[in-house]
Structure formats: C-alpha cells, structure tokens
Amino acid sequence: MAEHAKFIAGLLDPSEEALIETARMFGREFDELTAMARQATMHTLDISSVTAESREKTARLRDFKEAGTKGLLECRIQSIIIPLLGDHVLREANHFLCIMGICQN
Ligand SMILES: [Fe+2]
C-alpha cells in the first residue's frame with residue numbers, strides 16, 4: 001500500500017498539491033505500519049494492534065483511491081494516471097482488506 005500511495009503522488013499533476021500531500025501521508029503511514037509489523041514479527045509480539053491499524057488505514061486509502069478513480073473518470077483530477085490504473089489499485093486495496101478479514105461485496 002505504501003508503494004501505491006507513493007507512485008500515485010508521483011503521477012499526479014504538480015498542481016494537485018492537496019492530493020499529492022495526502023498520497024505522501026499514506027506512503028509514510030504504511031511505511032510506519034510495515035516497520036511496526038516487522039518489529040512485532042521479529043520479537044514475536046502481539047500483532048493484533050498493527051493488524052487493526054492496518055485495516056483502518058487501508059480502508060481510508062481504499063476510499064482515497066475510489067474517490068481518485070472517480071475524479072479521473074470525470075476529468076476533475078489532473079494526472080497522467082489512466083482510470084484503469086486507478087481501478088487496479090482500488091481492487092488491490094479491496095483485496096488486501098479481504099486478506100485482513102474485511103470483504104465488501
Ligand atoms: Fe498491481
């Protein structure tokens with residue numbers, strides 16, 4: 001999810017400053033979550049709080065991707081992201097949520 005957020009930030013038009021900052025924030029948050037998950041795994045700590053935080057932040061990133069894909073389709077967002085890529089990363093966020101036990105129909 002961190003890589004998705006970072007490449008989304010890199011493919012937006014520089015005029016989309018608020019969206020770029022939001023995408024970068026998601027990138028930082030998922031880098032922190034990855035580090036926390038690695039620490040918990042290395043030290044055999046309870047990972048349930050990291051999983052809960054991952055679910056919550058992935059749901060927020062999924063909503064950001066959904067709004068972004070809609071904005072691309074409606075030509076309200078300036079970017080070199082094609083809507084098909086937006087749909088692809090949206091599906092991957094939903095798949096990740098399913099892996100963590102939260103599936104949507
Ligand atoms: Fe992919």
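Details of the structure are given in the entry above.
Residues numbered from 1 in each chain as written. Predicted model: local features only at pLDDT ≥ 70, side-chain atom pairs only at ≥ 80, totals over all residues. Heavy atoms only, no water.

**Regarding empty space enclosed by the protein**
(1) Moving on: Applying the stated criterion across every chain yields a total of one cavity of 30 Å³ or more.
(2) Moving on: In this structure, the largest cavity encloses a volume near 150 Å³.
(3) Moving on: Taken together, 14 residues form the lining of the largest cavity, with Ile 8, Gly 68, Thr 69, Leu 72 and Ile 81 sitting closest to its centre.
(4) Moving on: Taken together, the elements giving at least two residues each to the lining of the largest cavity come down to α1 (2–11), α3 (48–73) and α4 (83–99).
(5) Moving on: Broken down by element, the lining of the largest cavity gets its largest block of residues, five residues, from α3. (1 Å grid on protein atoms, 1.4 Å probe; cavity = no way out; pocket = protein on both sides within 12 Å on 5 of 7 lines; lining within 4 Å. Points joined across faces, edges and corners; volume = space filled by probe spheres on them. Helix = DSSP H or I, 4+ residues; strand = E, 2+ residues; numbered from the N terminus.)

**As for the environment of Leu 84**
(1) Moving on: Among the secondary structure elements, Leu 84 is positioned in helix α4.
(2) Moving on: For the pair Leu 84 and Leu 97, spaced 13 residues apart in sequence, the C-alpha separation works out to 20 Å.

**Focus: the packing of aromatic side chains**
(1) Moving on: In the structure shown here, the tally under the stated rule is one aromatic pair.
(2) Moving on: Relative to Phe 64, the ring of Phe 26 has its centre 5.5 Å away and its plane inclined at 45°; by these criteria the two rings are tilted. Taken together, the residues Phe 26 in helix α2 (residues 17–42) and Phe 64 in helix α3 connect sequence positions 38 residues apart. (Phe/Tyr/Trp six-rings, centres within 6.5 Å; stacked < 30°, edge-to-face > 60°.)

**So, the environment of Arg 55**
(1) Moving on: Here Arg 55 lies in helix α3.
(2) Moving on: For Arg 55, a relative accessible area of 32% puts it in the partly exposed group.
(3) Moving on: For the pair Arg 55 and Ile 99, spaced 44 residues apart in the sequence, the C-alpha separation amounts to 9.9 Å.
(4) Moving on: In this structure, Arg 55 is in contact with Leu 97, Met 100 and Ile 102, ignoring residues within four places of it in sequence. (Buried < 20%, exposed > 50% of the residue type's maximum accessible area, 1.4 Å probe, protein only. Contact = heavy atoms within 4.5 Å.)

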